[in-house]
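Chain by chain, the residues run as shown.
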Amino acid sequence: MEKNSLFYIILAILVVQYLVHQYLEYLNAKRFTSTLPPELVDVFDEEEYRKSQQYKQTNYKFGLISDGFSLIVTICFLWFGGFEWVDQLTRSITESTIPMALIFFGIIMLGSAVLGLPFSYYRTFVIEEQYGFNKTTKSTFLSDKIKGGILTIILGGGILTLFILFYQSTGPNFWIYAWAMVAVVILFINLFYSRLIVPLFNKQTPLEDGSLKSSIENYAQKVGFELQNIFVIDGSKRSTKANAYFSGFGKEKRITLFDTLINDLTEDEIVAVLAHEVGHYKRKHIIVNLIVSLLTTGLTLFILSLFINHPEISLAIGVSTPSFHAALVGFALLYSPISEITGLVMNYLSRKFEFQADDFAKTTFAATPLVSSLKKLSKKSLSNLTPHPAYVFVHYSHPPLVERIRNLKA
Ligand SMILES: [Zn+2]
């Protein structure tokens with residue numbers, strides 16, 4: 001197999017990415033035994049804290065092995081001409097551009113799903129089970145995988161087909177059309193996520209009348225937040241971990257509370273969590289996030305349009321006959337350092353937004369119940385109370401608990 005210089009650049013990117021990430025994991029893991037900050041001594045008792053440190057340790061080792069395995073498989077696949085082999089196999093079935101791309105990606109994704117399955121199974125039924133988080137049955141696990149796969153085939157296949165159609169009909173300007181289409185898809189999913197996608201995986205019921213509902217409605221009215229849809233989702237079907245989130249906008253906007261959240265928190269604490277979510281909406285975080293992700297998508301597609309035509313990009317993954325699908329894979333690998341950087345920016349922005357939403361909850365409702373709810377939620381999920389700052393900088397979309405509490409108490 002012919003190997004050009006881009007081929008070696010891809011190998012270097014993969015190895016450097018692995019090393020950087022594992023180094024961060026290592027820095028973080030070294031702090032697992034550190035003593036708790038004074039604000040958090042009441043979160044865990046000694047026994048629970050030991051359990052949370054073990055949970056972190058287990059996940060750390062698991063990540064080291066699963067990431068290492070996926071790195072080795074990817075490198076071997078590249079080195080021994082795996083992409084070329086899949087490309088030849090695809091070409092023996094059809095020579096027509098769109099079906100070829102669909103089959104090519106179908107084989108690659110099926111292969112990686114099969115290889116990833118044992119790891120995903122182990123995480124859910126061994127690690128999460130061992131620490132008492134797992135509520136997923138084997139049949140839920142299986143049906144999740146199948147539904148997720150079908151969704152990927154429909155959405156991914158549809159987008160890929162349209163991409164190629166745009167490329168064939170508009171040439172170098174295809175990125176503008178592709179961008180417009182992606183924008184429509186992102187907006188559509190944002191609007192109808194709760195209505196169309198969530199029901200495939202979970203049951204949602206409107207929050208029943210009662211004192212919780214009236215507390216929520218009183219709060220919403222006080223801050224001038226029009227809220228018709230408050231739903232409860234059966235998160236307990238999969239995990240004991242609790243959550244709440246906001247989705248959609250305009251008439252479609254709704255708040256979704258996990259049933260686990262309702263069971264674990266007091267009424268005031270739930271309203272505080274909700275006030276935080278309303279803060280995201282009122283401070284325009286939802287819109288800003290949407291715009292930022294549209295802009296980064298546009299940039300990515302524009303850069304893609306500059307390179308998609310170069311046979312070198314297909315060759316970079318060892319595929320000798322240049323094609324749209326091979327160039328797409330080569331581009332994705334070469335572009336990954338840039339997506340890491342945009343990821344850093346997004347996380348930085350997100351952490352800022354979390355503080356703003358906390359401040360909103362503090363001024364429009366109260367800080368104390370939010371502090372106690374955050375503590376409860378951290379305890380339930382055995383979250384890391386002493387993460388390494390470098391790890392936070394790269395991976396955290398939310399500030400560490402102690403920083404949020406300091407900010408809320410300030
Ligand atoms: Zn938030």
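For the structure itself, consult the block above.
What comes next concerns the included structure. (Residues numbered from 1 in each chain as written. Predicted model: local features only at pLDDT ≥ 70, side-chain atom pairs only at ≥ 80, totals over all residues. Heavy atoms only, no water.)

1. Topic: unusual backbone geometry
Operational definition: Only DSSP runs of H or I covering at least 4 residues are called helices, and only runs of E covering at least 2 are called strands; the numbering of each starts at the N terminus. A 1.4 Å probe rolled over the protein chains alone gives each residue an accessible area, and that area as a share of the maximum for its type sets the label: buried under 20%, exposed over 50%, partly exposed in between.
We note that Lys-284 has phi near 65°; this positive angle belongs to a residue other than glycine. With respect to the helices and strands, Lys-284 occurs in the loop between helix 9 (267-282) and helix 10 (285-307). Lys-284 gets classed as exposed once you look at its relative accessible area, which sits at 53%. One non-glycine residue, Leu-382, lies in positive phi territory at about 50°. Here Leu-382 shows up in the loop between helix 13 (367-380) and helix 14 (389-395).

2. Notes on the nonpolar core
Let me state the cut-off plainly: As used in this record, nonpolar core signifies buried Ala, Val, Leu, Ile, Met, Phe, Trp, Tyr and Cys residues forming a set joined through side-chain atoms within 4.5 Å. Contacts between residues were defined by any pair of non-hydrogen atoms, one from each residue, lying within 4.5 Å.
Core analysis: the biggest nonpolar cluster contains 51 residues, and Ile-216, Tyr-219, Leu-257 and Leu-261 have the highest contact counts within it. With 7 residues, the top contributor of residues to this core is helix 9. Aside from chain neighbours lying at most four places away, what touches Ile-216 is Leu-207, Leu-227, Ile-230, Leu-257, Val-271 and Leu-274. Core analysis: the second largest hydrophobic core is formed by 39 residues, Leu-78, Ile-164, Ile-313 and Leu-328 among them.

3. Looking at the pattern of salt bridges
As a reminder of what qualifies: Salt bridges are defined by distance alone: a side-chain nitrogen of Lys or Arg within 4 Å of a carboxyl oxygen of Asp or Glu.
What the rule picks out here adds up to 12 salt bridges. The salt bridge partner of Arg-50 is Glu-47, with a shortest N-O separation of 2.7 Å. A residue pair is termed a helical-turn pair when its members lie 3 or 4 positions apart in one helix, as Arg-50 and Glu-47 do in helix 2 (residues 46-79) at 3 residues. Its relative accessible area of 45% is what places Arg-50 among the partly exposed residues. In this structure, Glu-48 engages Lys-379 in a salt bridge whose closest nitrogen and oxygen atoms are separated by 3.5 Å. Of this pair, Glu-48 sits in helix 2 while Lys-379 sits in helix 13, and the two are 331 residues apart along the sequence. On the basis of relative accessibility, which here comes to 26%, the residue Glu-48 falls in the partly exposed class. Through salt bridges that share partners, Asp-87, Arg-91 and Glu-95 make up one connected network.

4. What to know about the pairing of strand 2 (residues 229-233)
This is how the line gets drawn: Pairing between strands is defined by DSSP: at least two bridges between them are needed.
Counting buried positions over the 5 residues of strand 2 gives 4, a clear majority of the element. Two elements, strand 1 (residues 204-206) and strand 2, share 3 bridges in a ladder whose sense is antiparallel. Residue pairing across strands places Thr-205 opposite Val-232, the latter belonging to strand 2. Two elements, strand 2 and strand 4 (residues 254-258), share 5 bridges in a ladder whose sense is parallel. By the bridge assignment for strand 4, Ile-230 is matched with Ile-255.

5. Observations concerning the packing of helix 2 against helix 4 (residues 97-130)
In plain terms, the rule: Angles shown run from 0 to 180 degrees and are taken between the N-to-C directions of axes, each axis being a line fitted to C-alpha atoms and, for helices, limited to the stretch in contact. For classification purposes, an angle smaller than 35 degrees is called roughly parallel, one larger than 145 roughly antiparallel, one from 65 to 115 roughly perpendicular, and anything else oblique. Should the near helix be turned counterclockwise from the far one by less than a right angle, the crossing is left-handed, whereas a clockwise turn marks it as right-handed. Throughout, the ten residues Ala, Val, Leu, Ile, Met, Phe, Trp, Tyr, Cys and Pro are labelled nonpolar, Asp, Glu, Lys and Arg are labelled charged, and all others, Gly among them, are labelled polar.
Following both chains from N to C, one finds helix 2 and helix 4 inclined at 165°, their axes separated by 12 Å at the closest point. With respect to each other, helix 2 and helix 4 are oriented roughly antiparallel. Of the two elements, helix 2 crosses helix 4, and the hand of that crossing is right-handed. Two secondary-structure elements touch here, helix 2 through Tyr-55, Thr-58, Asn-59, Phe-62, Ser-66, Phe-69, Val-73 and Phe-77 and helix 4 through Ile-108, Leu-115, Phe-119, Tyr-122, Arg-123, Ile-127 and Glu-128. In terms of residue class, the contact of helix 2 with helix 4 is made up of 10 nonpolar, 3 polar and 2 charged.

6. So, the packing of aromatic side chains
Cut-off, in case you're wondering: Any pair of Phe, Tyr and Trp rings, taking the six-membered ring for Trp, is counted once the centres come within 6.5 Å. Such a pair is stacked with planes under 30 degrees apart, edge-to-face with planes over 60 apart, and tilted for the rest. Criterion for a charge above a ring: Lys NZ or Arg CZ within 6 Å of the ring centre, and within 35 degrees of the ring normal.
Tallying each qualifying case throughout the model produces 31 aromatic pairs. Relative to Tyr-245, the ring of Tyr-193 has its centre 6.4 Å away and its plane inclined at 65°; by these criteria the two rings are edge-to-face. Of the two residues, Tyr-193 is situated in helix 6 (residues 174-201) and Tyr-245 in strand 3 (residues 244-247); the sequence distance between them amounts to 52 residues. Take Tyr-193: its relative accessible area is 34%, and that puts it in the partly exposed class. By relative accessible area, Tyr-245 is classed as buried at 18%. A connected cluster of aromatic rings, assembled from ring pairs, spans Phe-62, Phe-69, Phe-119 and Tyr-122. Across from the ring centre of Trp-79, 4.4 Å away, lies the NZ or CZ of Lys-3, which sits over that ring. In this structure, Lys-138 is placed above the aromatic ring of Phe-125, and the distance from its NZ or CZ to the ring centre is 5.2 Å.

7. Things to note about helix 10
Heads up, the condition is: To estimate the expected span of a helix, count its residues, drop one, and scale the result by 1.5 Å.
Over its 23 residues, helix 10 extends 33 Å from the first C-alpha to the last, a length consistent with the 33 Å expected when each residue adds 1.5 Å. Within helix 10, burial applies to His-285, Ile-286, Leu-290, Ser-293, Leu-294, Thr-297, Gly-298, Leu-301, Ile-303, Leu-304 and Ser-305. Against the buried residues of helix 10 lie helix 5 (138-170), helix 6, strand 3, helix 9 and helix 12 (324-364).

8. A look at helix 2
Just so we agree on the cut-off: In protein, a polar contact requires one atom able to donate a hydrogen and another able to accept it; more generally it is a pair of N or O atoms within 3.5 Å, and residues adjacent in sequence count only if both atoms are side-chain atoms.
Here helix 2 contains 34 residues, and its C-alpha end-to-end distance of 49 Å stays within 8% of the 50 Å for a straight helix at 1.5 Å per residue. Two or three places before Glu-47, at the opening of helix 2, Asp-45 has a side-chain oxygen 3.1 Å from that residue's backbone nitrogen. Note on helix 2: the residue one or two positions beyond its end, Gly-81, has a positive phi of about 70°.

9. Considering the coordination of the zinc ion
As a reminder, the rule being used: A donor here means any N, O or S atom no more than 2.8 Å from the metal (3.2 Å for Na, K and Ca); water is not included, so a site may seem to lack partners. By the criteria applied here, four donors are tetrahedral when all angles lie between 85 and 135 degrees, four are square planar and six octahedral when opposite donors are over 155 degrees apart and every other angle lies between 65 and 115, and any other arrangement is irregular.
Looking at the metal site, the zinc ion is ligated by His-276 (NE2), His-280 (NE2), Glu-354 (OE) and Glu-354 (OE), spaced 2.1 to 2.5 Å from it. Seen from the zinc ion, its 4 donor atoms lie at angles of 54 to 133°, and the figure they make is irregular. Each donor residue of the zinc ion lies on the same chain, and together they follow the pattern H-x3-H-x73-E. Residue His-280 is located in helix 9, and its partner Glu-354 is located in helix 12; the two are separated by 74 residues in the primary sequence. Glu-354 shares its class with His-280; the two are buried.

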